[in-house]
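Structural description and commentary
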Amino acid sequence: MNPVLSALLNLQEVDREIFKVEAELARLPDELSARAEALENRKAALEIKRRETAELRSSIQEIEHTTVGLRQRLKKLENESSNGTADASLIASYQHEMRNIKRNVSQAEDDGLKRLSRVEVLEAEIAEMDARIEEETATFAEFQSNVESETKDAEGRLAALQEKRSKRSSDGITASDLEVYKGLLKTRQGEALAELGDGLCEGCFVNLPKNIVVRLARGTELVQCPSCDRILFNY
Ligand SMILES: [Zn+2]
């Protein structure tokens, strides 16, 4: 085998592992922040329900306050009508006002009851969400601590791999070939080389033209797959 290819294969053996660990290290914080965001969204939804409940409760209080005032007025009008001092036209006007007040009180009471039943629904939902958030907060804390230990572990593995990598020589590989190799590690998920097996690139499973196979067999240059660009090798 072309000695440059052998050297690249030697590097690839470690670089493949480095790529995996680096991908893991990039993924872990992403997963953590996605979960944190989901939890925050749930808390925000809960807060909206709490606010709606508080607003409803305060409007119910206002309604109660208003109906108390209306009832007092009603009582006063009833007294005025029955104490014998009012004349017929005044009594008629009192009665008109009393009818209006009764209607308003009845509407306000209906409205208050509707709001109260909405409050009950909301409070049940809030209790449920509260319990769920509490549970998810605990799960998140556990996940976070797992991520921390997995990160530590991955960092340790990465350091060991980098140490191992530093001992592998890239002597004999030209700077431009090394550049091509490193670029492929990135674009091809840590697999910069592909075996040529039976006229096929094992990296992308595309049939290779005859001239590629011939060039590779000659062993004098690096040959890349025309489809996936990986550096081809065979034993
Ligand atoms: Zn290919």
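Residues numbered from 1 in each chain as written. Predicted model: local features only at pLDDT ≥ 70, side-chain atom pairs only at ≥ 80, totals over all residues. Heavy atoms only, no water.

**Re the layout of surface pockets**
By volume, the largest pocket amounts to about 190 Å³. Residue lining of the largest pocket: D15, I18, F19, E22, R165, K182, L185 and K186, and that is the complete set. Contributing elements (two or more residues each) for the lining of the largest pocket: α1 (3–82) and α3 (175–187). Here the lining of the largest pocket takes four residues from α1, the largest share from any one element. Of the residues that constitute the lining of the largest pocket, the class distribution is three nonpolar, no polar and five charged. Counting contributing residues, the lining of the largest pocket receives three or more from each of domain 1 (3–166) and domain 2 (175–233). (1 Å grid on protein atoms, 1.4 Å probe; cavity = no way out; pocket = protein on both sides within 12 Å on 5 of 7 lines; lining within 4 Å. Points joined across faces, edges and corners; volume = space filled by probe spheres on them. Helix = DSSP H or I, 4+ residues; strand = E, 2+ residues; numbered from the N terminus. Nonpolar A, V, L, I, M, F, W, Y, C, P; charged D, E, K, R; others polar. Domains from an automatic or database assignment.)

**Structural notes on the sheet that holds strand β2 (residues 200–201)**
Sheet strands associate in pairs through backbone hydrogen bonding, adopting either a parallel or an antiparallel arrangement. Ordered by their spatial adjacency, three strands build an open sheet running β2-β1-β3, and the pairing between neighbours is mixed. At either margin of the open sheet sits one strand with a lone partner, and together these are β2 and β3 (231–233). Where strand β1 (residues 193–197) meets β3, three bridges bridge the pair, whose relative direction is parallel. Bridging from a neighbouring strand, L193 pairs with I231 of β3. (Pairing = 2+ DSSP bridges.)

**Description of the coordination of the zinc ion**
Here the zinc ion is held by C201 (SG), C204 (SG), C225 (SG) and C228 (SG), and the distances to it run 2.3 to 2.4 Å. Every donor counted, the four donor atoms about the zinc ion form angles of 106 to 114° at the centre, which fits tetrahedral coordination. Taken in sequence order, the residues that donate to the zinc ion follow the motif C-x2-C-x20-C-x2-C. On the basis of relative accessible area, C204 is assigned to the partly exposed category, the value being 24%. (Donors = N, O, S within 2.8 Å, 3.2 Å for Na, K, Ca; no water. Tetrahedral: all angles 85-135°; square planar, octahedral: opposite > 155°, others 65-115°. Buried < 20%, exposed > 50% of the residue type's maximum accessible area, 1.4 Å probe, protein only.)

**Section: the domain arrangement of the protein chain**
How big an interface is tends to be reported as the loss of accessible area on association of its parts. Under the domain assignment used here, the protein chain contains domain 1 (3–166) and domain 2 (175–233). One C-alpha centre belongs to domain 1, the other to domain 2, and the line joining them spans 55 Å. Each partner contributes to the interface: domain 1 provides ten residues, whereas domain 2 provides 16 residues. Summed over both partners, the interface of domain 1 with domain 2 buries about 1,100 Å², with 72% contributed by carbon and sulfur atoms. Looking at the side of domain 1 facing domain 2, the largest losses of area belong to L5, L8 and F19, adding up to 48% of the total buried there. Inspection of the domain 1/domain 2 interface yields one salt bridge. For the salt bridge of R16 with E191, the shortest nitrogen-to-oxygen distance reads 2.5 Å. At the surface where domain 1 touches domain 2, the tally comes to six residue pairs in polar contact (both at pLDDT 80 or more). In terms of residue count, α1 provides more of the side of domain 1 that touches domain 2 than any other element does, nine residues in total. Tallied by class, the residues present in the side of domain 1 that touches domain 2 amount to six nonpolar, one polar and three charged. (Contact = heavy atoms within 4.5 Å. Buried area = accessible area lost by both parts, 1.4 Å probe. Salt bridge = Lys/Arg side-chain N within 4 Å of Asp/Glu carboxyl O. Polar contact = N/O pair within 3.5 Å; in protein donor to acceptor, adjacent residues only side chain to side chain.)

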